[in-house]
Each structure stands twice: as structure tokens, then as C-alpha cells.
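Letter by letter, the chains look like this.
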Amino acid sequence: MNAKPVSASRTMMTDLVLPSDANVYGTIFGGKVMAYVDKIASITAMRHCRMPVVTASTDSFNFLAPIHVGEAISVEAFVAWTHNTSMEIFCRIECEDLMTGQRKETGTSYLTFVALGSDGKPALVPPVEPETDEEKWHFETASLRRKQRLAARQDHRQQRQTRQSET
Ligand SMILES: CC(C)(COP(=O)(O)OP(=O)(O)OC[C@H]1O[C@@H](n2cnc3c(N)ncnc32)[C@H](O)[C@@H]1OP(=O)(O)O)[C@@H](O)C(=O)NCCC(=O)NCCS
């Protein structure tokens, strides 16, 4: 399969934060942000492989700053790395004060998506080719993140087995 450049699937979304998106403090719900991130990341993954995808895992989310009603929220996603059937997507969340134009990064996360073939089973995805320095950094550091993620998955499985055998 031919490699595809990161730029071919990079996806950006901007939306206005409305009162219906917010908690009682007038800032956006974390769950709303996570839903945006999952959706934009899945579009990126499908643009890359042109197949249906499922979210296999999401790395930890750190919300570094609140986003207020009346501000714009932007989510940018790109394919950081691919393996056989999985794609690691990097997401950056920013807010913008629409009166001053000041922008701030409020969070980042990595999500892993798996492509599904017509039989519903994991299917091979094209490799990704990083172009910019930032893309190259994410690409070069990805195998370590994958190792940690799969170790965490293994831990979860063992904990579930222990719980089930003891209850
Ligand atoms: C993700 C899923 C397709 C993996 O299926 P599986 O039968 O476990 O397949 P495998 O173990 O062969 O893994 C397939 C790929 O997924 C990756 N993977 C599986 N679980 C993962 C996890 N928790 N985190 C990161 N990658 C994961 C594997 O590393 C492998 O990648 P590779 O082919 O690039 O090496 C399956 O667990 C699933 O359908 N989960 C539910 C997904 C879903 O419904 N998400 C929506 C929210 S509930």
C-alpha cells in the first residue's frame, strides 16, 4: 500500500460555544469536548484509510484551561502514526476569544482507531508519511506510546480476569 501524507487527512473543526454546551460556571462540558475530539479524529482516520473505523482507545485527556460560552472552540486532528490495522490520531484543542483574536491551547490527546474491512474484522491501513517537523516528532515517538498503551490494555484484561474469578 502506498504511503499517504499527513496533509491528505488533516481535519479542523471550529464551533461557537453556546449556553447549551456549558455547565453552571459558563464553561464547556468536558464530555462535549471529548465528543468533538472523537468525531474529528474519526473523520481524520476514515480520510486516511477510506474504510469504516472504530475507536480502540483514547489516551488521557488533560483539560488545561476552561473554554467559555461565546468563545470559539477548535479541534485539529492528524494521523500521527500507523501500524498494521491501527492509526494513532493526534488532536489539539484550542479556544479563541472572538473579540481579541487571542488563541490558547486548552488540551491535547491521542486516540487509536482501527479500520474494519467488509467482514467487520481489522483491515490493513496505508502507512502515513509525516511532512512537517511537528508531524515527524509525533511519528518518531509513537512506538513508545503504543507500547505503553498495549501494556495498559493487558493490565486491564488481567484485572478483569482477577475480579471475575474473585466474585
Ligand atoms: C478495537 C477492536 C476492533 C480490536 O479488535 P481485536 O480483535 O482486539 O483486534 P486485534 O487484537 O487484532 O487488534 C487490532 C489492532 O487494534 C489495536 N488495538 C486493539 N486494542 C487497542 C487498544 N486498546 N489501544 C490501542 N490499540 C489497540 C492492536 O494493536 C492492533 O493494531 P495493529 O493491527 O495496527 O497492530 C475491538 O476491540 C473492538 O471492536 N472494540 C470496540 C470498539 C468500539 O466499539 N469503539 C467505540 C466505543 S465503545
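Residues numbered from 1 in each chain as written. Predicted model: local features only at pLDDT ≥ 70, side-chain atom pairs only at ≥ 80, totals over all residues.

## Some thoughts on the overall build of the chain
Defined as follows: Secondary structure elements follow DSSP: runs of H or I of four or more residues count as helices, runs of E of two or more count as strands, with numbering from the N terminus. Here a residue counts as buried when 20 or more other C-beta atoms sit within 10 Å of its C-beta, as exposed when there are 12 or fewer, and as partly exposed otherwise, the C-beta atoms being derived from the backbone.
If you tally the helices and strands in the chain, you get 3 helices and 7 strands. Along its sequence from the N terminus, the chain presents helices and strands in the succession β-β-α-β-β-β-β-β-α-α. For the chain, the spread of C-alpha atoms along the three principal axes comes to 50 × 50 × 30 Å. Put simply, the chain has 167 residues, and 29% of those count as buried.

## Here we look at the sheet that holds strand β6 (residues 103-115)
Applied cut-off: Strand pairing follows a simple DSSP-based rule, namely that at least 2 bridges must link the two strands. Helix axes are fitted to C-alpha atoms over the stretch in contact, other axes to C-alpha atoms as well, and angles between N-to-C directions run from 0 to 180 degrees.
A sheet is described by the order of its strands in space; here 5 strands give the open sequence β2-β4-β5-β6-β3, paired in antiparallel fashion. Among the strands making up the open sheet, the edge pair consists of β2 (11-16) and β3 (53-58). Direction aside, the axes of adjacent strands within the sheet are offset by 30° on average. The pairing of β3 with β6 spans 5 bridges and is antiparallel.

## A short note on the site of the ligand
Basically, it comes down to this: Any residue qualifies as near a molecule or strand once its backbone-derived C-beta atom lies within 6 Å of it. Any residue that is not Ala, Val, Leu, Ile, Met, Phe, Trp, Tyr, Cys, Pro, Asp, Glu, Lys or Arg is counted as polar, Gly included; the first ten are nonpolar and the last four charged.
Near the ligand there are 14 residues, and of these S57, H83, N84, T85 and S86 occur at the shortest range. Contributions of two or more residues to the shell around the ligand are made by β3, β6 and α3 (142-166). Ranked by residues supplied to the shell around the ligand, first place goes to β3 with 4 residues. Split by residue class, the shell around the ligand holds 5 nonpolar, 7 polar and 2 charged.

## Considering the environment of L111
Here is the rule we go by: By the convention adopted here, residues make contact when the C-beta atoms placed from their backbones lie within 7 Å.
By the secondary structure assignment, L111 is in strand β6. Judged by C-beta crowding, with 25 C-beta atoms within 10 Å, L111 ranks as buried. Taking the C-alpha atoms as reference, L111 lies 8.2 Å from M87; in sequence the two are 24 residues apart. Residues contacting L111, with those up to four places away along its chain left out, are D38, A41, T55, T58, I89 and C91.

## Re the nonpolar core
Considering soluble globular proteins, one finds that nonpolar side chains tend to be buried as a cluster. What counts, and what does not: Joined through C-beta atoms within 7 Å, a set of buried Ala, Val, Leu, Ile, Met, Phe, Trp, Tyr and Cys residues constitutes a nonpolar core.
Ranked by internal contacts, the top residues of the largest apolar core, which has 33 residues, are A41, I89 and C91. Of all elements in the fold, only α1 (30-49), β4 (72-82), β5 (86-96) and β6 reach the threshold of two or more residues within this core. Residue contacts for A41: discarding those within four places in its chain leaves A77, I89, C91, L111 and F113.

## Some thoughts on helix α2 (residues 133-140)
Quick note on the threshold: Relevant arc is that of directions from the helix axis to the C-beta atoms, nothing else.
Among all positions in α2, only E135, H138 and F139 are buried. Along the axis of α2, the buried residues cluster in a sector spanning 100°; they form a single face. Facing away from the buried surface of α2 by more than 90 degrees, the exposed residues are D133 and E140. Looking at the buried positions of α2, the neighbouring elements they touch are β4, β5 and α3.

## A few points about α1
Our working rule: A helix is expected to reach a length of 1.5 Å times the quantity of its residues less one.
With 20 residues, α1 extends 29 Å from end C-alpha to end C-alpha; this agrees with the ideal 28 Å at 1.5 Å per step. Of the residues making up α1, those classed as buried are V33, Y36, V37, I40, A41, T44, A45, H48 and C49. Phi turns positive one or two residues past the end of α1, at R50, with a value near 55°.

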